[in-house]
Amino acid sequence: MSTEAALAARRRSTEAALGRVRDVITRLRREKTPVSVAAVSRRADVSRTFLYGNPDARAAVAAAIAQAGEQRTQILDAQDDEREATWRERALNAEDALKAAHHEITVQRTRIGELLGQVRDLQSEWSQEAIQRITTENTTLKQRVRTLTADSRTLEEKLQAARSSNRFADRRIAQLEAELASQPRTE
């Protein structure tokens, strides 16, 4: 019902505008003022687009210009055709651009869907249990690395101590051999 009411209001508004256009044309004839689209638009308080777009308004203005005997009818028709052609061209260009935009949106939506599917696949591969198990294993391995590092350090220290003891023993043996060699032989 609101659509019908809106359409009825639009018809009433259009009829009122057409009435104003006819009244202005009559006044211009009485005043013997040249009838033009600009003059009718200004005095009737309607847009030029309305005068060009509404067939009744366009016909009334064209008839008034023809009755006045002016050659502006040809100019008006040429301008009308030119404007109509440019509006048609603009509308076709807008339709082409709209089709291209819809196509691009469809392509982007498809790509987004594919990417969301890949994200879901990646998330589904790793269940919560698997993640917890891997985290636990990682923690265990880190502890094992710390233990092995500590053991390695301890063994390194023992190795250094053994080498130090070995050097001390070698020196002591060398000293004892020197003492034995310096003592007279008793036979």
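Just above sits the structure.
Rules behind the numbers
- Residues numbered from 1 in each chain as written.
- Predicted model: local features only at pLDDT ≥ 70, side-chain atom pairs only at ≥ 80, totals over all residues.
- Heavy atoms only, no water.
- Helix = DSSP H or I, 4+ residues; strand = E, 2+ residues; numbered from the N terminus.
- Rg over C-alpha atoms; globule rule 2.2 N^0.38 Å.
- Buried < 20%, exposed > 50% of the residue type's maximum accessible area, 1.4 Å probe, protein only.
- Core = buried A, V, L, I, M, F, W, Y, C linked by side-chain atoms within 4.5 Å.
- Contact = heavy atoms within 4.5 Å.
- Salt bridge = Lys/Arg side-chain N within 4 Å of Asp/Glu carboxyl O.
- Expected span 1.5 Å × (residues − 1).

1. Concerning the overall build of the protein
Here is step 1: Helix and strand counts for the protein stand at six helices and zero strands.
Here is step 2: Ordered by position from N to C terminus, the α and β elements of the protein give α-α-α-α-α-α.
Here is step 3: Against the 2.2 N^0.38 benchmark of 16 Å for 187 residues, the protein shows a C-alpha radius of gyration of 51 Å, more extended than a compact globule.
Here is step 4: Out of the 187 residues belonging to the protein, those deemed buried represent 14%.

2. Some remarks on the nonpolar core
The nonpolar side chains of soluble globular proteins are, as a tendency, buried together.
Here is step 1: Judged by nonpolar contacts, the single largest core of 20 residues is most densely connected at Val-21, Ile-25, Val-40, Val-46, Phe-50, Leu-51 and Val-61.
Here is step 2: Contributing elements (two or more residues each) for this core: helix H1 (2–30), helix H2 (37–44), helix H3 (48–53) and helix H4 (55–67).
Here is step 3: The dominant element in this core, judged by the number of residues it contributes, is H1, at six residues.
Here is step 4: If we ignore the near neighbours within four places in the chain, the residues touching Ile-25 are Val-40, Ala-60, Val-61 and Ala-64.

3. Structural notes on the environment of Thr-154
Here is step 1: If you trace the backbone, Thr-154 turns up in helix H6 (residues 128–182).
Here is step 2: Measuring from C-alpha to C-alpha, the distance between Thr-154 and Ala-68 comes to 118 Å, with 86 residues separating the pair along the chain.

4. Section: unusual backbone geometry
Here is step 1: One non-glycine residue, Asp-45, adopts positive backbone phi at about 60°.
Here is step 2: Considering the arrangement of structural elements, one finds Asp-45 in the loop between H2 and H3.

5. Examining the pattern of salt bridges
Here is step 1: In the structure shown here, the tally under the stated rule is three salt bridges.
Here is step 2: For Glu-114, the salt bridge goes to Arg-111, with nearest N and O atoms at 3.6 Å. In this pair, Glu-114 and Arg-111 both sit in helix H5 (residues 72–125), three residues apart, roughly one turn of the helix.
Here is step 3: Owing to a relative accessible area of 43%, Glu-114 belongs among the partly exposed residues under this scheme.
Here is step 4: Among the salt bridges present, the one from Glu-137 reaches Arg-133, with a minimum N-O distance of 3.3 Å. With a gap of four residues between them, Glu-137 and Arg-133 both fall in helix H6, about one helical turn apart.

6. Some words on H1
Here is step 1: Here H1 is 29 residues long and its end C-alpha atoms lie 42 Å apart, about the 42 Å a rise of 1.5 Å per residue gives.
Here is step 2: Residues of H1 that are buried make contact with H2, H3 and H4.
Here is step 3: In the segment just after H1, Lys-32 is the residue with positive phi, at about 55°.

7. Side note on the environment of Ala-39
Here is step 1: Inspection of the secondary structure puts Ala-39 in helix H2.
Here is step 2: Residue Ala-39 is classed as buried on the basis of its relative accessible area of 9%.
Here is step 3: The spacing of Ala-39 and Arg-10 is 29 residues in sequence and 24 Å in space, taken between C-alpha atoms.

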